[in-house]
Amino acid sequence: MSNTQEYVEWFRGAAPYIKAHRKKTMVIMISDEVIYSDRFIGLVHDIALLNHLGIKLVILHGSRNSIDKHLAANRLQPRFHNNIRITDSETMPFVVQAIKEVKTYFESQLSMGLPNTPMSGSEISLIGGNFVIGMPLGVIDGVDMQHSGKVRAIKHEAIKELLALNHVVLLSNLGYSRTGEVFNLPTEELAGEVARALKADKLVFVQRERADKDSLASTLSTNQCEELLANAATPEDLKSLLQQAILAIQAQVKRVHIIDQQVDGGLLLELFTRDGYGIMVTNLFYEGSRAANIDDIGGILGLIEPLEASGVLVVRSREQMELEIRHFQVIEKDGMIIACIACIPDQAENLAEVACLAVHDDYQRSGLGNQLLQAVELQALKNGIAQLYTLTTRSSHWFIEHGFNEAADFTLPAAKRESYNPERGSKILTKSI
Ligand SMILES: CC(C)(COP(=O)(O)OP(=O)(O)OC[C@H]1O[C@@H](n2cnc3c(N)ncnc32)[C@H](O)[C@@H]1OP(=O)(O)O)[C@@H](O)C(=O)NCCC(=O)NCCS
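Residues numbered from 1 in each chain as written. Predicted model: local features only at pLDDT ≥ 70, side-chain atom pairs only at ≥ 80, totals over all residues. Heavy atoms only, no water.

You can see Val143 is positioned in strand S8 (residues 143–144). Residues Val143 and Asp38 lie 105 residues apart in sequence; the distance between their C-alpha atoms is 39 Å. Once you skip the residues sitting within four places of it in the chain, Val143 turns out to touch His81, Ile86 and Gly138. (Helix = DSSP H or I, 4+ residues; strand = E, 2+ residues; numbered from the N terminus. Contact = heavy atoms within 4.5 Å.)

Another point: the site of the ligand. Around the ligand, the structure places 18 residues, and the nearest of them are Leu357, Arg365, Gly367, Gly369 and Ser395. Gly369 is positioned with one of its backbone polar atoms (N or O) 2.8 Å from an oxygen atom of the ligand. Isolated, the ligand exposes 890 Å² of accessible area, and the fraction of that covered by the protein chains is 73%. Breaking the shell around the ligand down by element, the ones donating at least two residues are strand S20 (351–359), helix H13 (368–382) and helix H14 (396–401). Tallied by class, the residues present in the shell around the ligand amount to nine nonpolar, seven polar and two charged. (Near = heavy atom within 4 Å. Polar contact = N/O pair within 3.5 Å; in protein donor to acceptor, adjacent residues only side chain to side chain. Areas by Shrake-Rupley, 256 points an atom, 1.4 Å probe, with all protein chains shown as cover. Nonpolar A, V, L, I, M, F, W, Y, C, P; charged D, E, K, R; others polar.)

Okay, the environment of Gly278 next. Turning to its location among the elements, Gly278 is positioned in the loop between helix H10 (266–272) and strand S16 (279–281). In sequence terms Gly278 and Lys160 are 118 residues apart; their C-alpha atoms lie 27 Å from each other.

Once that is clear, we can look at the pattern of salt bridges. Taken as a whole, this structure holds 14 salt bridges when the rule is applied. Two residues, Arg85 and Asp68, come together in a salt bridge whose shortest N-O distance is 3.0 Å. Placement of Arg85 in strand S4 (residues 84–85) and of Asp68 in helix H4 (residues 64–73) is noted, with a sequence separation of 17 residues between them. Among the ionic pairs, Asp201 bridges to Lys254, the shortest N-O distance being 3.1 Å. Linking Asp201 in the loop between helix H7 (187–198) and strand S13 (202–207) with Lys254 in the loop between helix H9 (236–250) and strand S15 (255–260), this pair joins segments that are 53 residues apart in sequence. Lys254 sits in the partly exposed class, given a relative accessible area of 42%. One connected set of salt bridges, linked through shared partners, spans Arg290, Asp296 and Glu332. (Salt bridge = Lys/Arg side-chain N within 4 Å of Asp/Glu carboxyl O. Buried < 20%, exposed > 50% of the residue type's maximum accessible area, 1.4 Å probe, protein only.)

Taken in spatial order, the eight strands line up as S5-S10-S2-S1-S13-S15-S16-S14 in an open sheet, and their pairing is mixed. Only two strands of the sheet have a single partner each, and these edge strands are strand S5 (126–127) and strand S14 (219–220). Inspection of the sheet shows S15 paired to S16 by three bridges, in the antiparallel sense. Opposite Ile258, over in S16, you have Ile279 as the bridge partner. Each of strand S1 (25–30), strand S2 (56–61), strand S10 (168–171) and S13 is contacted by H7, which is oriented at about 175 degrees to S1, the strand it contacts most. Of the strands in this sheet, S13, S14, S15 and S16 are in contact with H9, which crosses S15 at around 155 degrees. (Pairing = 2+ DSSP bridges. Axes fitted to C-alpha atoms, helices over the stretch in contact; angles between N-to-C directions.)

In this structure, Arg75 is a non-glycine residue whose phi angle is positive, near 55 degrees. Within the secondary structure layout, Arg75 lies in the loop between H4 and strand S3 (80–81). We classify Arg75 as exposed; its relative accessible area is 79%. If you check the backbone angles, Asn82 has positive phi at about 50 degrees while not being a glycine.

Here the focus is the sheet that holds S20. Here we have seven strands laid out as an open sheet, ordered S17-S18-S19-S20-S21-S23-S22, and mixed in their pairing. A single partner strand is all that each edge strand has here, and the edge strands are strand S17 (290–291) and strand S22 (405–406). Pairing of strand S21 (residues 387–392) with strand S23 (residues 427–432), which is carried by six bridges, proceeds in the antiparallel orientation. Of the residues in S23, the one forming a bridge with Leu391 is Ile428. Packed on one face of the sheet, H13 meets strand S18 (328–333), strand S19 (336–346), S20, S21 and S23 and runs near 30 degrees to S19.

Moving on: helix H1 (residues 3–21). Look at H1: 26 Å from first C-alpha to last across 19 residues, which is about the 27 Å you get at 1.5 Å a residue. Ala14 marks the point of greatest bend in H1, at about 30 degrees, and the proline Pro16 comes within the next four residues. Of the positions making up H1, those classed as buried are Ala14, Tyr17 and His21. Lining the buried residues of H1 we find S1, S13 and H10. One or two steps after H1, the chain reaches Lys23, where phi turns positive at roughly 65 degrees. (Expected span 1.5 Å × (residues − 1). Bend = angle between axes of the 7 residues up to and from the residue.)

Turning to the domain arrangement of the protein, a few remarks are in order. The domains assigned to the protein are domain 1 (3–286) and domain 2 (289–432). Using C-alpha coordinates to define each centre, domain 1 is positioned 42 Å away from domain 2. Each side of the interface is counted separately: domain 1 has seven residues, and domain 2 has 10 residues. Across the interface of domain 1 and domain 2, roughly 900 Å² is buried in total on both sides, 48% from carbon and sulfur atoms. On inspection of domain 1 and its partner domain 2, the count reaches zero salt bridges. Linking domain 1 with domain 2 are zero residue pairs in polar contact (both at pLDDT 80 or more), by the criterion used here. Tallied by class, residues from the side of domain 1 that touches domain 2 come to four nonpolar, no polar and three charged. (Domains from an automatic or database assignment. Buried area = accessible area lost by both parts, 1.4 Å probe.)

Structure, rendered in structure tokens:
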């Protein structure tokens, strides 16, 4: 493919995401390792682009490494309890200094007007303020956490007003109490709290490169996050992000993304390409399948065509699809059909055929096939159907693992016999429900 074609295809591919993200609220936490890396300037450019595409942005900068450096430079030992920094009176001034330094650097980089970049001349209006009300963490297991705090409230209405005016809100990990005290807050936790308070559409963590990245699935449900949390081999820093992801999703944040900046533009890849770039946590797939309608036919055909071409599924014409569409269930992601199933009832015989089960390659092995099968079983039960059958050439084991049995003596219903092609050598499997 020529470069021009690739560009055109990429741009067209990004179009649904540009439309979907417009006016949406994203809370993005960027670790200070990334902020002080040579990839940061690319990220600044991408943030400007998101702002110009009409995305409402709240950005939180991390400061963990900078705090450690300041403490080390002043010969102070960092102290932690349960992985949370203990901020005592001696270290607090250096903590505040480190946080302010990162914030100032961040603001300076976002004020550059981005010379010699595609976003040259674009202005971003960054606004910070006392939007976070903190309170002391108190004494944990007998350890006084002193100036380490937690979030008491987020002034979300004030933040929303600024976002509506197209300002980018920049938050540091400091909280102010009603009595005028200042607390050092864990940034990941604060990012999660802000996303929940704003009911953001997305919470994004931009972190250092992860060594374990390839061993993790690119899409996780909160159940899978729980499993990772229970696994002793999961690194602590990932656990704290997964915990925030679960809380955010439970509070109606739609998606949480964990990405690094190993490649320039990782954030754009994650937000504007179907395959993404990092790890996405969502339960959206698990909210259930839905009944298909006539507008889904194109998407279903796109999904099953490669399987028809390779002989896995029987070829269905568009006309046949139109007749059968009301028997289909689909799962959709970002406007694309990623899984489908049909359950075609034969009321006279009190049974139904399970057919055309397909899950897009990128989303297999995450339970979608199982979810669709459960959905049609439930539907069949409601319609008083007592038995399911399916004809399959390659997936008999999958169906057997889902309660089907080989049924050599099963007689196909008369209506099915007409279209049955014995040359395919399909196995007939049945399941009583
Ligand atoms: C079969 C299919 C629908 C399963 O979808 P899925 O969403 O990946 O299924 P689930 O996540 O619920 O289950 C995944 C498990 O089934 C297993 N599996 C997938 N295809 C299988 C097959 N053909 N035979 C046996 N097991 C299979 C996977 O290995 C996985 O098990 P594991 O994680 O223990 O290894 C999907 O693989 C697919 O679309 N295949 C191509 C089309 C097809 O064969 N359709 C059935 C024709 S009737």
